[in-house]
Amino acid sequence: MITQIVIKFSLFVSIIGTLYCLVTGVSFSESMMRGLFVFAGFYLILIVFFVGVRFILTPTPKKAVKAKAVEQPEKVAEEVEGE
């Protein structure tokens, strides 16, 4: 769904860019090339943006923290007395 929206929006931007180039006096072939580059660039930028947002907002599974063994106070007391 997001891909379809991105494709349509990129196509719209590239058509507007192509028409702008034609109105300002740029040749037809150069206008079409610029439109193609705008479409491809805008498409790639939006896809990278949405993938990045998805990666950032997806919760990571928490690893279970193992309880650390606590030393027994008797052992510690024996070690202190032994010294």
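Each chain has its residues counted from 1, following the order in which its sequence is written. Only residues with pLDDT of 70 or above have their local features reported here, since the model is predicted, and side-chain atom pairs are shown and tallied only from 80 upward, although totals for entire chains, interfaces and linings are computed over all residues. Only hydrogens and water are set aside; all other atoms, that is, all heavy atoms of the structure, feed into the side-chain values.

Enquirer: So what's going on with the layout of surface pockets? Residues and values would help.
Expert: Once rolled over the atoms, a probe with the size of a water molecule shows which space is left empty. Grid points spaced at 1 Å over the protein atoms alone were grouped into cavities, where a 1.4 Å probe fits but cannot get out, and pockets, open sets with protein on both sides within 12 Å along at least five of seven lines, with lining residues defined by an atom within 4 Å of a point. Grid points are joined across faces, edges and corners, and a volume is the space filled by probe spheres set on the points. Size it by volume and the largest pocket reaches roughly 160 Å³. Along its surface, the largest pocket is lined by Ile2, Thr3, Ile47, Phe50, Val51, Val53 and Arg54. Going along the chain from the N terminus, every DSSP run of H or I of four or more residues is numbered as a helix, and every run of E of two or more is numbered as a strand. A per-element tally of the lining of the largest pocket places helix H2 (residues 28–57) first, with 5 residues. Of the residues assigned to the lining of the largest pocket, the class counts are 5 nonpolar, 1 polar and 1 charged. We call Asp, Glu, Lys and Arg charged. Ala, Val, Leu, Ile, Met, Phe, Trp, Tyr, Cys and Pro are nonpolar, and the rest, Gly among them, are polar.

Enquirer: Describe the confidence of the model for the chain, with residues and values.
Expert: On a range of 0 to 100, pLDDT expresses the predictor's confidence in each residue. When pLDDT is averaged across the chain, the result is 79; 75% of the residues are at 70 or more. Averaged pLDDT values over the elements of the chain bottom out at 61 in helix H3 (residues 73–82) and peak at 87 in H2.

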